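Structure assessment
Chain residues, written in single-letter form:
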Amino acid sequence: MNAAEVVNTLLVKRFGVDPVNVTDETSLQHLRMDSLALEELRLLIEDRLDIDLDEVALTSRDTVGALVAAVDGKVAA
């Protein structure tokens, strides 16, 4: 699974987000991801992809695309 697949799968299956709402331009806030949900999402991504996202600052204002790009950057490193 690549970063986009992992993020999209977690948003849909773990957080109940409607798949039609998951686009690169969609803000995490629009998906009702608060700070606690973002932290849980970060930990799940780290676990699935065996990466460390501690240096990645996520806020609900970020988009799904920005999250995927940050995860891709860590996977490639």
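Description of the structure in this document. All of these numbers come straight from a predicted model, not from anything done at the bench. (Residues numbered from 1 in each chain as written. Predicted model: local features only at pLDDT ≥ 70, side-chain atom pairs only at ≥ 80, totals over all residues. Heavy atoms only, no water.)

**A look at the overall build of the chain**
Helices and strands together make up the secondary structure of the chain, namely three helices and zero strands. Reading the chain from its N end, one meets helices and strands in the order α-α-α. In terms of overall dimensions, the chain is globule-like: its C-alpha atoms have a radius of gyration of 11 Å, near the 11 Å expected for 77 residues. The dimensions of the chain, computed from C-alpha atoms along their principal axes, are 30 × 25 × 20 Å. (Helix = DSSP H or I, 4+ residues; strand = E, 2+ residues; numbered from the N terminus. Rg over C-alpha atoms; globule rule 2.2 N^0.38 Å.)

**A few points about the environment of M1**
Position of M1 relative to the elements: it lies in the segment before α1 (3–13). Here the alpha-carbon distance between M1 and L49, two residues 48 residues apart in the chain, equals 8.6 Å. With residues up to four places along the chain from it excluded, the contact list for M1 reads V6, T9 and L49. (Contact = heavy atoms within 4.5 Å.)

**A closer look at unusual backbone geometry**
Backbone geometry places R32, a non-glycine residue, at a positive phi of 65°. You can see R32 is positioned in the loop between α1 and α2 (35–49). Its identity is not glycine, yet D50 carries a phi of approximately 55°, on the positive side. The class for D50 is exposed, based on a relative accessible area of 72%. (Buried < 20%, exposed > 50% of the residue type's maximum accessible area, 1.4 Å probe, protein only.)

**Notes on the side chain of E46**
As for its position among the elements, E46 is in helix α2. Contacts of E46, omitting those with residues within four sequence positions, involve I51, D52, L53 and D54.

**Remarks on the packing of α2 against helix α3 (residues 64–76)**
It is at 12 Å that the axes of α2 and α3 come closest, and there the two elements cross at 35°. Classified by chirality, the crossing of α3 by α2 is right-handed. Note on element contacts: α3 touches α2 through L67, V71 and V75, opposite L41, I45 and L49. Tallied by class, the residues present in the contact of α2 with α3 amount to six nonpolar, no polar and no charged. (Axes fitted to C-alpha atoms, helices over the stretch in contact; angles between N-to-C directions. Left-handed = near helix turned anticlockwise from the far one by under 90°. Nonpolar A, V, L, I, M, F, W, Y, C, P; charged D, E, K, R; others polar.)

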